[in-house]
Amino acid sequence: MASRKKLFVAGLVFAVQPFLIMAAKAGGWMHYGGGLDGARYADSDIISPATIGGLKEAWRFRTGDATDGEGYFGKRSSFKATPILVDGKLVFSTGFNRIIALDPETGAELWRYDPKVDFSIKYSEMFTSRGVAAWSDYEAEENAKCATRIYLGTLDARLISIDAADGAPCDTFGVAGEIDLSKGIRNYRRGEYSVTSPPTVVNGVVVVGSSIGDNGGVSLDHGVVRAFDARSGELRWQWDPIPRTKESPGSETWENNSDARTGAANVWSVMAADEARDLIFLPTTSPSPDFYGGMRLGDNKFANSIVAIKASTGEVAWAYQIVRHDLWDYDLASQPMLLDIDHGGAKRAALILATKMGFVFVLDRETGEPIFPVTERPVPPSDVPGERAAPMQRVPSILLHPTEKDEIEIWNRDDAHAARCQEMLAGVLYEGIFTPPSLEGTLLYPGNPGGVNWGSMAAQKGKNIAFVAVNRMPTVVKLIPRKEFKGQKSTGKVNGVEAQFTSQSGTPFGMARYDLFNNESGAHCLKGPWSTLVAINVNTGSVLWEAPAGRAPGIDDDDAAAQWGFFAIGGPMATKGGVVFHSTTFDQMLRAYDTNSGEVVWSAQLPAGAHATPMSYEIAGAQYVVITAGGTKANEDGQGDYVVAYKLTRQD
């Protein structure tokens, strides 16, 4: 039998996955976030500021999964996955939900699995798949079928288990290796209910959330989180972030029985887990619809919250709400990060969360209580008929984004640019962060992309320095009375700007939104910085440095805007050697920063824009850094389908 190690916690016995322990010691990357803690930390010191000059491209692989949109409802493909290293294979999913395993030293393809997703259907999250999860069956014979398994959630709502050895389905899991996740979901809509992030496997259960097209109306798909037995696929527990009965905890914060009809509040991003404490941490999202809450008055407890669940039972251990009665699409998009920090003269087991608002919360992961101060701040009320915004919101002591009205300024690039941006803001309201959507139009700053989105945080363990890419991307949202919505939508514009329109069915208002970006000049309307990589001492909460993340197109070197960054989609990855890597989309670069100073110590031009977070591993005395690049190609038309590996061998 394969070797077994057991962990005793609170009277429970859990098997610790042997291959995960060995891989961690070998400088591996066994989970989407590096480890279940989501720290995106490579425990190898081969790459350092002193040695990084020798880091060179080792190999390049192309998946073949790329399209400019022809035959796919005009949607260009993307490639957002971060690979994992499991059983000596580099494994990842493509935007088409195919799973590919490569030799991590050479980039040679070892096997490929195709779940045959039906792309004649339009998916709300077309081509989004951030990666896969893995689990070692400690009871299996060492070379038995499915001794190590790969799990994937698909766009067409399936949970699939395949053998890490050869990519063959694990037939004993569910039905022929898969589970139909649409079953048991109330108000399920094909194409709108998907899985776009990797599941999380902890203590023998595989936990999966869902991605829901959640701005279409009130009564949408329920955002139930489910845990299945990692071997058999048997349902072990399920938990709905929205309390569905009057007896359910938190139901008093959902007025007029709104908890019975509201959808979403789902977990679409990546979860974190503390195996020793038998806890899995769920970042929940906004209830439906995103921008009008008149049909779900109240604080809406458990939505927009970090919820700690007992992995073995599904019991809620604690919950901490980040946004009350969300009206801004401020989903908890980042994976929580688990670190042990030194604070107040004591070692604290912390959960650190960066949010779309550019806030960083630091909570005790056993109790959910804040470790760093959090204040209750009065915020602007809503004057929209039927709406009642929460009067107070929580604001932590670590703020990485402007929050006040006087902190924004139109960028006076030239007179024409400034004048056009003034037109785009005509009549638009902004009284600081948490200004609710309005009939006049409201500036959301940051907009729903963030702040910090699913790129999440990274940490240099030992030093307890956290790194996070922060965007400052404003959006304008306008509520439109139902009788006017169809006519306004037919124009396709608001304030002369092309806008996205959504019906928000079941409410008195439709919605339109547009980015505050001047397409005529190709520039942001607000003065920067627009995107930065920030280093934080998480023992004290102090910002150590801030550096530009990316480069805006068409900006001269001597222009101040050259130091404002542009827009970062993926997140950072830190190494033991004192380097943090981060890729950017529009200038198609991978950069390495000195963790002490923020100085760029290395960079490489990618073959396409990167929509992903890099990862790293050490094999045979060499450290590798791997990034997927699936955005617009650098030197030709089309979308990328690249996996690129860089290598540095240890010099004695």
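Remember, predicted model here, so these are calculated numbers, not experimental data.

Caption draft 1: The arrangement of the overall build of the protein chain in detail. For the protein chain, the helix and strand inventory stands at four helices and 47 strands. On C-alpha atoms alone, the protein chain measures out to a radius of gyration of 23 Å, which is about the 26 Å that the 2.2 N^0.38 rule sets for 652 residues. Overall, the C-alpha framework of the protein chain stretches about 70 × 60 × 60 Å when taken along its three principal axes. For the protein chain, buried positions account for 65% of its 652 residues.

Caption draft 2: Focus on the sheet that holds strand β15 (residues 205-208). Read from one edge to the other, the open sheet built from four strands follows the order β14-β15-β17-β18, with strand pairing classed as antiparallel. Unpaired on one side and paired on the other, β14 (200-202) and β18 (235-239) mark the two borders of the sheet. Strand-to-strand twist of the sheet, defined as the mean angle between neighbouring strand axes without regard to direction, takes the value 20°.

Caption draft 3: Structural detail: the pairing of strand β23 (residues 337-343). Sheet topology note: the β23/strand β24 (residues 346-354) ladder contains seven bridges and is antiparallel. By the bridge assignment, His 343 is partnered in β24 with Ala 346. A loop of two residues connects β23 with β24, the two strands running antiparallel in sequence, and Gly 344 in this loop sits at a positive phi of about 65°.

Caption draft 4: Summary view of the state of the cysteines. Following the criterion strictly, the structure yields two disulfides and no others. Disulfide pairing places Cys 146 opposite Cys 170 at an S-S distance of 2.1 Å. Because the sign of the S-S torsion sets the handedness, a value of about -110° for the bond joining Cys 146 and Cys 170 places this disulfide among the left-handed ones. Taken together, the residues span a long stretch of sequence, with Cys 146 in the loop between β9 (133-136) and β10 (148-153) and Cys 170 in the loop between β11 (158-163) and β12 (178-180) at a distance of 24 residues.

Caption draft 5: Geometry of the environment of Ala 389. Secondary-structure assignment places Ala 389 in the loop between β26 (374-378) and β27 (392-396). In this structure Ala 389 comes out as buried when scored by relative accessible area, which is 12%. The spacing of Ala 389 and Thr 575 is 186 residues in sequence and 43 Å in space, taken between C-alpha atoms. Setting aside residues no more than four positions away along its own chain, Ala 389 makes contact with His 325, Leu 327, Pro 380, Ser 382 and Pro 436.

Caption draft 6: Examining empty space enclosed by the protein more closely. Overall, the coordinates contain four cavities of 30 Å³ or more when judged by the stated rule. His 31, Tyr 32, Leu 36, Pro 199 and Thr 200 are the residues nearest the centre of the largest cavity, which is lined by 16 residues in total. Listed by contribution, the elements that provide at least two residues to the lining of the largest cavity are β9 and β14. Of the residues in the lining of the largest cavity, the class split is eleven nonpolar, five polar and no charged.

Definitions and limits used
Residues numbered from 1 in each chain as written. Predicted model: local features only at pLDDT ≥ 70, side-chain atom pairs only at ≥ 80, totals over all residues. Heavy atoms only, no water. Helix = DSSP H or I, 4+ residues; strand = E, 2+ residues; numbered from the N terminus. Rg over C-alpha atoms; globule rule 2.2 N^0.38 Å. Buried < 20%, exposed > 50% of the residue type's maximum accessible area, 1.4 Å probe, protein only. Pairing = 2+ DSSP bridges. Axes fitted to C-alpha atoms, helices over the stretch in contact; angles between N-to-C directions. Disulfide = S-S within 2.5 Å. Contact = heavy atoms within 4.5 Å. 1 Å grid on protein atoms, 1.4 Å probe; cavity = no way out; pocket = protein on both sides within 12 Å on 5 of 7 lines; lining within 4 Å. Points joined across faces, edges and corners; volume = space filled by probe spheres on them. Nonpolar A, V, L, I, M, F, W, Y, C, P; charged D, E, K, R; others polar.

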